[in-house]
Protein chains: 2
Amino acid sequence: MKQSKIFIPTLKEVPSDAEIKSHQFLIRAGYVRQSARGIYSYLPLAQTVKNKIEAIVREELAEIGATEILMPVLQPAEIWKESGRWDKYGADLMTMKDRHNRDFALGPTHEEMVTDLLRDDINSYKKLPLTFFQIQTKFRDERRPRFGLLRGREFLMKDAYSFHAETESLDTTFDDMATAYGRILDRCGLEWRSVIADSGAIGGTGSREFQVIADVGEDTIVYDKNSDYAANVEMAEVYYKANPSTEEKLAKEKVATPGMTSIADLVEGLSIPIEKTIKSLLVQADEEIVMVLLRGDHEFNDVKLKNLLDLTVIEMASETAALEVMGAEYGSLGPVNVPADMKIYADSAVQDIVNASVGANETGYHFINVNHGTDFNVETFADLRMVQEGDLTPDGVGTLSFAKGIEVGHIFKLGSLYSEAMKATYLDENGRQQPFIMGCYGLGISRLLAAIIEQTADDKGLVWNKLLAPYHVHLIPIKPADEDQAALTTEIEKLLAENNLTSLIDDRKERPGVKFADSELIGLPVRITVGKRAAEGIVEVKVRATGESFEVETADLLAKINEILN
Amino acid sequence: MKQSKIFIPTLKEVPSDAEIKSHQFLIRAGYVRQSARGIYSYLPLAQTVKNKIEAIVREELAEIGATEILMPVLQPAEIWKESGRWDKYGADLMTMKDRHNRDFALGPTHEEMVTDLLRDDINSYKKLPLTFFQIQTKFRDERRPRFGLLRGREFLMKDAYSFHAETESLDTTFDDMATAYGRILDRCGLEWRSVIADSGAIGGTGSREFQVIADVGEDTIVYDKNSDYAANVEMAEVYYKANPSTEEKLAKEKVATPGMTSIADLVEGLSIPIEKTIKSLLVQADEEIVMVLLRGDHEFNDVKLKNLLDLTVIEMASETAALEVMGAEYGSLGPVNVPADMKIYADSAVQDIVNASVGANETGYHFINVNHGTDFNVETFADLRMVQEGDLTPDGVGTLSFAKGIEVGHIFKLGSLYSEAMKATYLDENGRQQPFIMGCYGLGISRLLAAIIEQTADDKGLVWNKLLAPYHVHLIPIKPADEDQAALTTEIEKLLAENNLTSLIDDRKERPGVKFADSELIGLPVRITVGKRAAEGIVEVKVRATGESFEVETADLLAKINEILN
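Just so we're clear, the structure is a prediction, and the values are computed from it rather than from any experiment.

Visitor: Go over the domain arrangement of chain A, please, and point to the residues and values.
Guide: Domain assignment breaks chain A into domain 1 (15-237 + 402-454), domain 2 (253-382) and domain 3 (473-565). The distance between the C-alpha centroids of domain 2 of chain A and domain 3 of chain A comes to 67 Å.

Visitor: A description of the pattern of salt bridges should follow, citing residues and the corresponding values.
Guide: Opposite charge on two side chains permits them to pair, given that their charged atoms come into close proximity. Under the definition given, this model contains 78 salt bridges over all chains. Here B:Asp121 makes a salt bridge to A:Arg33, at a shortest N to O gap of 2.9 Å. Taken together, the residues B:Asp121 in helix 5 (residues 111-121) and A:Arg33 in strand 1 (residues 32-36) connect one chain to another. We note that B:Asp121, like A:Arg33, is buried. A salt bridge links B:Glu68 to B:Arg58, with the shortest nitrogen-to-oxygen separation between them at 2.7 Å. Of this pair, B:Glu68 sits in strand 3 (residues 67-68) while B:Arg58 is found in helix 2 (residues 44-63), placing the two residues 10 residues apart along the sequence. Residue classification places B:Arg58 among the partly exposed positions, given a relative accessible area of 27%. Connected through shared salt-bridge partners, A:Arg140, A:Glu142, A:Arg146, A:Arg151 and A:Glu218 make up one network.

Visitor: Mind laying out the environment of B:Gly38, listing which residues take part and the relevant values?
Guide: All names here are of chain B. Mapped onto the elements, Gly38 comes out in the loop between strand 1 (32-36) and strand 2 (39-42). For Gly38 and Ile561, which are 523 residues apart along the polypeptide, the C-alpha to C-alpha distance reads 38 Å. Beyond its immediate stretch of four places on either side in the chain, Gly38 contacts Pro145, Gly152, Arg153 and Glu154.

Visitor: Quick rundown of the pairing of strand 17 (residues 344-347) of chain B? Include the residues and the values.
Guide: It is a general feature of regular strands that their side chains alternate between the two faces of the sheet. Residue and element names in this part refer to chain B. Alternating positions in strand 17 separate into two faces, Ile344 and Ala346 on one and Tyr345 and Asp347 on the other, with burial throughout. The pairing of strand 15 (residues 288-295) with strand 17 spans three bridges and is classified as parallel. Within strand 17, the residue paired with Val292 across the bridge is Tyr345. With three bridges connecting them, strand 17 and strand 20 (residues 380-382) associate as parallel partners. Of the residues in strand 20, the one forming a bridge with Asp347 is Ala382.

Visitor: Now, about the relation of the copies chain A and chain B: what can you tell me, with residues and values included?
Guide: With an RMSD of 0.1 Å, chain A superimposes on chain B once it is rotated by 180° and translated 0.0 Å along the axis. Taken together, these values place the two copies in the relation of a two-fold axis. For chain A, the minimum C-alpha distance to the rotation axis belongs to A:Met96 and amounts to 2.5 Å. Here 96% of the contact residues of chain A are again contact residues in chain B; the copies associate through an equivalent surface.

Visitor: Requested: an account of the packing of helix 1 (residues 21-28) of chain A against helix 11 (residues 445-456) of chain A, with residues and values cited.
Guide: Residues and elements named next belong to chain A. Contact geometry for helix 1 and helix 11: axes closest at 8 Å, N-to-C directions at 105°. Between helix 1 and helix 11, the crossing angle belongs to the class labelled roughly perpendicular. Along its contact with helix 1, which presents Lys21, Ser22, His23 and Leu26, the element helix 11 presents Ala450, Ile453 and Glu454. Looking at side-chain class alone, the contact of helix 1 with helix 11 contains three nonpolar, two polar and two charged residues.

Visitor: An account of the interface of chain A and chain B is needed here, citing residue identities and associated values.
Guide: Between chain A and chain B, the residue contacts involve 55 residues of the former and 53 residues of the latter. Buried area between chain A and chain B, both sides added, is near 4,700 Å², and the carbon and sulfur share of it is 60%. Broken down residue by residue, the surface that chain A buries against chain B is led by A:Phe7, A:Leu70 and A:Arg99, which jointly contribute 16%. One can count six salt bridges joining chain A with chain B. Between A:Asp92 and B:Arg99 there is a salt bridge; the shortest N-O distance is 2.9 Å. Per-element accounting of the side of chain A that touches chain B gives the leading share, five residues, to helix 2 (residues 44-63) of chain A. Class assignment of the residues belonging to the side of chain A that touches chain B gives a composition of 31 nonpolar, nine polar and 15 charged.

Visitor: An account of the environment of B:Leu524 is needed here, citing residue identities and associated values.
Guide: All names here are of chain B. Along the chain, the position of Leu524 falls in the loop between helix 13 (512-522) and strand 27 (526-530). Relative accessible area serves as the criterion here: at 3%, Leu524 is assigned to the buried category. Sequence spacing of Leu524 and Arg544 is 20 residues, and the spatial spacing of their C-alpha atoms is 6.8 Å. Ignoring sequence-local partners within four residues, the contact set of Leu524 consists of Pro470, Tyr471, His472, Val473, His474, Leu504, Ser519 and Arg544.

Visitor: Let's hear about helix 12 (residues 483-498) of chain B: which residues, and what values?
Guide: All names here are of chain B. Compared with the 22 Å implied by 1.5 Å per residue over 16 residues, the 23 Å span of helix 12 between its first and last C-alpha is a close match. Residues of helix 12 that are buried include every one of Gln485, Leu488, Thr489, Ile492 and Leu496, and no others. For helix 12, the angular spread of the buried residues around the axis is 105°, confining them to a single face. Facing away from the buried side of helix 12, by more than 90 degrees, are the exposed residues Glu483, Lys494, Ala497 and Glu498. Where helix 12 is buried, its residues meet strand 25 (473-477), strand 26 (503-505), strand 27, strand 28 (538-543) and helix 14 (554-565). Measuring from the backbone nitrogen of Asp484 back to the side-chain oxygen at the start of helix 12 gives 3.0 Å, which picks out Asp482 as the cap.

Visitor: Lay out empty space enclosed by the protein with the relevant residues and their values.
Guide: Over the atoms, a rolled probe matching the size of one water molecule traces out where space is still vacant. Counting across every chain of the model gives four cavities of 30 Å³ or more. Taken as a whole, the largest cavity encloses approximately 90 Å³ of empty space. A:Leu70, A:Met71, A:Pro72, A:Gln136, B:Ile39, B:Tyr40, B:Tyr42, B:Thr137, B:Glu154, B:Phe155 and B:Leu156 are the residues that line the largest cavity. Of all the secondary structure elements, the ones that give two or more residues to the lining of the largest cavity are strand 2 and strand 8 (154-164) of chain B. Partitioned by chemical class, the residues of the lining of the largest cavity number eight nonpolar, two polar and one charged.

Rules used throughout
- Residues numbered from 1 in each chain as written.
- Chains lettered and ligands numbered in written order.
- Predicted model: local features only at pLDDT ≥ 70, side-chain atom pairs only at ≥ 80, totals over all residues.
- Heavy atoms only, no water.
- Domains from an automatic or database assignment.
- Salt bridge = Lys/Arg side-chain N within 4 Å of Asp/Glu carboxyl O.
- Helix = DSSP H or I, 4+ residues; strand = E, 2+ residues; numbered from the N terminus.
- Buried < 20%, exposed > 50% of the residue type's maximum accessible area, 1.4 Å probe, protein only.
- Contact = heavy atoms within 4.5 Å.
- Pairing = 2+ DSSP bridges.
- Least-squares fit on C-alpha atoms with pLDDT ≥ 70 in both.
- Axes fitted to C-alpha atoms, helices over the stretch in contact; angles between N-to-C directions.
- Parallel < 35°, antiparallel > 145°, perpendicular 65-115°, else oblique.
- Nonpolar A, V, L, I, M, F, W, Y, C, P; charged D, E, K, R; others polar.
- Buried area = accessible area lost by both parts, 1.4 Å probe.
- Expected span 1.5 Å × (residues − 1).
- Arc of directions from axis to C-beta.
- Polar contact = N/O pair within 3.5 Å; in protein donor to acceptor, adjacent residues only side chain to side chain.
- 1 Å grid on protein atoms, 1.4 Å probe; cavity = no way out; pocket = protein on both sides within 12 Å on 5 of 7 lines; lining within 4 Å.
- Points joined across faces, edges and corners; volume = space filled by probe spheres on them.

Okay, structure coming up:
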């Protein structure tokens, strides 16, 4: 392909609104343009890479027996009302009215649609299991679209759905899907982790996220370097083995702590170890306010309390609520003398502390030498804290490391959540109506494109592997009008084409410096410069990934290129 | 692929709302399902065919140097306001508001979007020409969605756009695109015609439609069996060579014609040849009411008058308006004694008539022996009528035939219509700002799928050619549990796969009659039945297109299948 015939609007300047490198380089290298906030056009190079990613996705999903379908973007409001999500989904759901004033959602996901599709036509366990996928433009009206393709309002997803008569069948498809995702991410050349995750808004009985390791990732993942263990930090279980202090229990004592409102103040002001302090939090748990206790050096994990108590809503109680309920400010709260009906939940580590320091529920005062069982009672001890780097893995064998990740995929065991709500049933072997058991499996195609760039780009631009590169070779004649250079360029173009290698030929009348800088930005794996030694049949080959370059004779060129690509 | 693992919900009954065969069979053969009026889900078989059509489209467009992009579905209202189409497009334009109350259109077409995309980044004639295409879901809120995929509200289009500095360059790309369309339709195995067309709502300086010949087509096309000439009936020019009657002109005479209100009444009542009658119509042409004259046996073509007078709106004047302006009812109108300021436009054939019969502008009376120049004056004689089957071609050499067509493609020379409105300019060789010269090129992918079926399906179901078939072979073991049949089925499946032939294996526990009927519906090119003679290595091969069947030994099977497919 001649570069003059293809739209690649490269830019020298970093766009002012692009904070991260995938966003910056996608714009600067002429791969995408923004058309409205969080809404992008894919120019030829991005479209080619996207098509290659989609081809890999199609191959790997076919490998596990999933078949491709395409459901509509426009989804009638009725099915979203059946599932209860028309109201629950919130302002992120884009909606419109047709000319007859009927409401439609612009699909952000297709659980309702696929359930509606199957419920009319699948009526027997004999026709199950079935697994479908589609690759489609999706819509979500993000409050703050940002980071280019990482968080857009119109984006490309591969979404898949499976229907089963038995839980074991769902488990098998879930595992197959995880395997396929792994192969897809491997073929994209990525360092990634599959992590235990929270099912969140989609719901269901289990889920895994697929995280691409990258500094700009919004998720923290914890993993063990020496095992398969990996989890979203919110879901990482703490390894706890009782290790009570052998110290003798003393009688509690009230001390004045003027101006000490944080654990750090207390440790310094009273000269006590942080491990002997207890942090007391007030939490609004659905309709009730409860107290949560943590060792001073630990952080609260609200997802764990939410799951423990099966809550719908969880948030920190306000300063006003604290004053009203406890008669003290946030910096002086503690578990001694709480209102009679207030439940206290404590992290497991709290039960090992003897002679702890806690707030006295009186502004400016703390208790020291406080002991549970003696001075206060706990409803439940449970794992309620965030893991810390260096903690043991849940099995107590490995050690946790932390990393930042970009979530590119999330797979869910939905169970019968949607099929029950939407009365989507089949007849089982005994002729009884049963709701479908379902799974759903998302993979962000446009987000994956950005994540690959976050992990692979260097400071000069994009760096593609052989499988994803829009073209394999960037062929640059220094003077396209020079007879020798033109002839050799044509010869090499032909050689490459005959060997199923694609090339982008920079036939523009630009200075070599401009051509080279654009070439680094665009990031094709191999650059071939046809210059002064063209008459001798000698060209310069440069490897984009390593920056190495060397002179190569035409006769050796093909072997050299294949060596670099593989 | 095992049939038990794929969703193909075939139906015995013809769906009550499906009027045409593509709609009926797409539903009955389990290819699509309707999710809302005019909004469909593509099930696995349709999706596979659609992917194959898209692959053909991509190949043929790459062949002419077009590169693929993907623009957003959501288009900011601002650019539609710039082009003037936000208001003009009407209720067919689907729109929505985002969470910040900003207006968006759901793209029915992308002229504004692509112009907006290019105007920021292309500033010099040196970077032109450029040609792009995309394959995308489009939206149009049809008042009466019908005929399944032929006229839906959410549908798939290939739309392409080209940008030029010279008209000649546009002409070249327009011709290249026409060639590519021809190759696409040929590879789909279609009988089609490329016809001269009206540019309609899109605008511009020239256009061609690509019509697939089919009885249910909504368009009438006229063509010459012995040449390349073909046109939409609206655009077909009449070959006119003056041939004035040699009859002596007589003086006009008023005759009572009670109850004669049509040309047929007049011909019968006055015993005159129809060629000596003149039909007088009143037409609302923008703000003005004009009279149009046609020979009695000819039909008015309003598109021709619209183009002649460069009108925005054209419609027949109402009965009330006729009475008010002419003082007579529609059945008694004529060109004699019209109001002084009324302009008369007449079809060319009218000038050859001597001693014509016309309405007297008095209910119940006509004039006979009326002559133009003597009894009335015409503003302009021009081609204002519809061609008739058997008319000569515009060059006077061939003869016109009629056919019904489904418009699957329409390509336009837009010129600078959009670029001027949207101030999208480049600098020419002399450093002067010039608006881009543009072309746009639409091809309906989902409509093409339906059109192929209209032309190829028989009374039993779909009939696919090798290139489009979702699988090449339908492999049907009569008793999947029988050891010999199972072994031979597996052997044939392997043989096919090794030779790049795909197969659908009907492993369902169904009666042979059910399997055969489903197989006819689904329409794979070759059916192989593995039955009683499996132990001998003999199967039955049936050709879907012709209905022929014969027994074949395994050793000869591959050759036989390839013979059928090619």
